[in-house]
Amino acid sequence: MIAHWRDIPIFSIAIGTLVAGKGLKDGKLSIDGALAAFFVGILMLSTSLRVFGVTLLAFYFIGSRATRVGKKLKVKLEEGEGVGHGQRDAVQVFCNSLPAFIASLAWRARLTDSFFSPLFFGPITKIYDPNRTCSLSPDYDWSYVLILIALGQFGCSLGDTLASELGILSKSQPILITTLRPVPPGTNGAVSLLGTMVSILGGGLIGLTMATVIFIENSACRALGYTPFAKLVILGLVSGGLGSLLDSLMGATIQQTLYSKDTKRVLTNEVVVQTAKEVTVIAGRNWLSNNQVRTHSGQLSKED
């Protein structure tokens, strides 16, 4: 077992502790959210292919910053517990990272001599060497596919986060994606030009982050020129836009939005709904929650 202590190095534990602790202190994470972030963080950061862990950090910090920018306006437009605070619990942490988290564990199990390796049958024949093997090569076992799964997940999630938190800053009234009629800001399934643009940008930032990390750490990939890195950025842009589109379509159809004519705000909490006056349904059916919509849209936007 001593030979495998490298799977959970001190550096990864330190970074995971700092990020989870600061998120808890700043009110960005609940207690269970901080524990989930710590667990996911140390395992992804300790993967020998650093792109998984670094991209997770980029997603967290960019998303948290966007939440801070839009929270003041969100309080005016939406009514419910936690509105404007941006506090993530364990469910939200896993909804935003689970496919990428599993992909990083699978990459480690398949391509390194790790205690996760017994999860896969057969001997490990292609141990990762950044000086000899490009992790973006389609011919290198599962590496390329697993990286794209993480790209699709984080690109979709960050795109949706930016669209939700920054799209409400749009000067023009949003429209419902299924009917194209104007709806109040904060409505599930509502889209705006600003929201669409920042969602695509969010996916592009994820693609750029991954391309930069792999460019720095993998000399074998650098030898292939700019094409594999440019492809990551392009696929990131697509995942951000596609993920936001799928999220909006599901939000407009299978996620109900309630609106109080009395307070002129979108209602986001069941307790508030029960006490609010003049409540009307402006979109969708009450089938899925916001977290479930985000999980499904992330899964559907992953590039195979």
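Reading the values: the criteria
- Residues numbered from 1 in each chain as written.
- Predicted model: local features only at pLDDT ≥ 70, side-chain atom pairs only at ≥ 80, totals over all residues.
- Heavy atoms only, no water.
- Helix = DSSP H or I, 4+ residues; strand = E, 2+ residues; numbered from the N terminus.
- Buried < 20%, exposed > 50% of the residue type's maximum accessible area, 1.4 Å probe, protein only.
- Contact = heavy atoms within 4.5 Å.
- Areas by Shrake-Rupley, 256 points an atom, 1.4 Å probe, with all protein chains shown as cover.
- Expected span 1.5 Å × (residues − 1).
- Arc of directions from axis to C-beta.
- Phe/Tyr/Trp six-rings, centres within 6.5 Å; stacked < 30°, edge-to-face > 60°.
- Lys NZ or Arg CZ within 6 Å of the ring centre and 35° of its normal.
- Core = buried A, V, L, I, M, F, W, Y, C linked by side-chain atoms within 4.5 Å.
- Axes fitted to C-alpha atoms, helices over the stretch in contact; angles between N-to-C directions.
- Left-handed = near helix turned anticlockwise from the far one by under 90°.
- Nonpolar A, V, L, I, M, F, W, Y, C, P; charged D, E, K, R; others polar.
- Patch = residues over 30% accessible without salt bridge, like charges linked within 9 Å, V, L, I, M, F, W, Y side chains within 5 Å.
- Salt bridge = Lys/Arg side-chain N within 4 Å of Asp/Glu carboxyl O.

## A few points about the overall build of the chain
Next, step 1: Across its full length, the chain holds 11 helices and 6 strands.
Next, step 2: Here the chain holds 304 residues, and 51% of them are scored as buried.
Next, step 3: Partitioning the contacts of the chain with sequence separation of at least 6, the portion at a separation of at least 24 is 72%.
Next, step 4: Per element, the accessible surface of the chain, about 15,000 Å² overall, is 64% carbon and sulfur.

## Examining the side chain of serine 12
Next, step 1: Among the secondary structure elements, serine 12 is positioned in helix 1 (residues 10-25).
Next, step 2: Look at serine 12 and you get buried, because its relative accessible area is 1%.
Next, step 3: Excluding residues within four positions of it along the chain, serine 12 makes contact with Ile42, Leu45 and Ser46.

## So, helix 1
Next, step 1: With 16 residues, helix 1 should reach 22 Å at 1.5 Å per residue; the first-to-last C-alpha distance of 22 Å fits that figure.
Next, step 2: Along helix 1, the residues classified as buried are Ser12, Gly16, Val19, Ala20 and Gly23. All buried residues of helix 1 fall inside an arc of 90° around its axis, so they share one side. Across from the buried face of helix 1, at angles greater than 90 degrees, the exposed residues are Ile10, Phe11, Leu18 and Lys25.
Next, step 3: Directly beyond the C-terminal end of helix 1, a positive phi value near 80° is found at glycine 27.

## Here's the deal with the packing of aromatic side chains
Next, step 1: By the definition in use, this model includes 6 aromatic pairs.
Next, step 2: Between tyrosine 60 and phenylalanine 61, the aromatic rings sit 5.3 Å apart at their centres with planes inclined by 70°, giving edge-to-face as the arrangement.
Next, step 3: The exposure class assigned to phenylalanine 61 is partly exposed, which follows from its relative accessible area of 46%.
Next, step 4: Above the ring of tryptophan 142, the side-chain terminus of arginine 110 is found at 5.4 Å from the ring centroid.
Next, step 5: The ring of phenylalanine 215 is capped by arginine 222, whose NZ or CZ atom sits 5.8 Å from the centre of that ring.

## Regarding the nonpolar core
Next, step 1: Formed by 43 residues in total, the largest nonpolar core has its most connected members in Met44, Phe52, Leu136, Met210, Ile214 and Leu232.
Next, step 2: If you list the elements that add at least two residues to this core, you get helix 2 (31-45), helix 3 (51-77), helix 5 (98-111), helix 6 (143-166), helix 7 (193-217), helix 8 (219-222) and helix 9 (227-253).
Next, step 3: Broken down by element, the residue count for this core peaks at 11 residues, all from helix 6.
Next, step 4: Excluding anything up to four places from it in sequence, phenylalanine 52 contacts Met44, Thr47, Ala100, Ala103, Ser104, Trp107, Leu146, Ile147, Ala150 and Phe154.

## Considerations on the environment of glycine 195
Next, step 1: Within the secondary structure, glycine 195 is located in helix 7.
Next, step 2: For glycine 195, the residues in contact, after removing those within four places along its chain, are Ala163 and Gly167.

## What to know about the packing of helix 2 against helix 5
Next, step 1: Where helix 2 contacts helix 5, the axes come no closer than 10 Å and their chain directions differ by 35°. The interaxial crossing formed by helix 2 with helix 5 has left-handed handedness. Residue-level contacts link Phe39, Val40, Leu43 and Met44 of helix 2 to Ala100, Phe101, Ser104, Leu105 and Arg108 of helix 5.
Next, step 2: Per-class residue counts for the contact of helix 2 with helix 5 are 7 nonpolar, 1 polar and 1 charged.

## Let's talk about unusual backbone geometry
Next, step 1: The phi angle at leucine 180 is positive, at roughly 65°, despite the residue not being glycine.
Next, step 2: By the element assignment, leucine 180 lies in the loop between strand 2 (175-176) and strand 3 (190-191).

## Some points on a nonpolar patch on the surface
Next, step 1: Side chains of Ile234, Val238, Leu242, Leu245 and Leu249 sit close together on the surface and give an oily, nonpolar patch of about 390 Å² of accessible area.
Next, step 2: Turning to its location among the elements, leucine 249 is positioned in helix 9.

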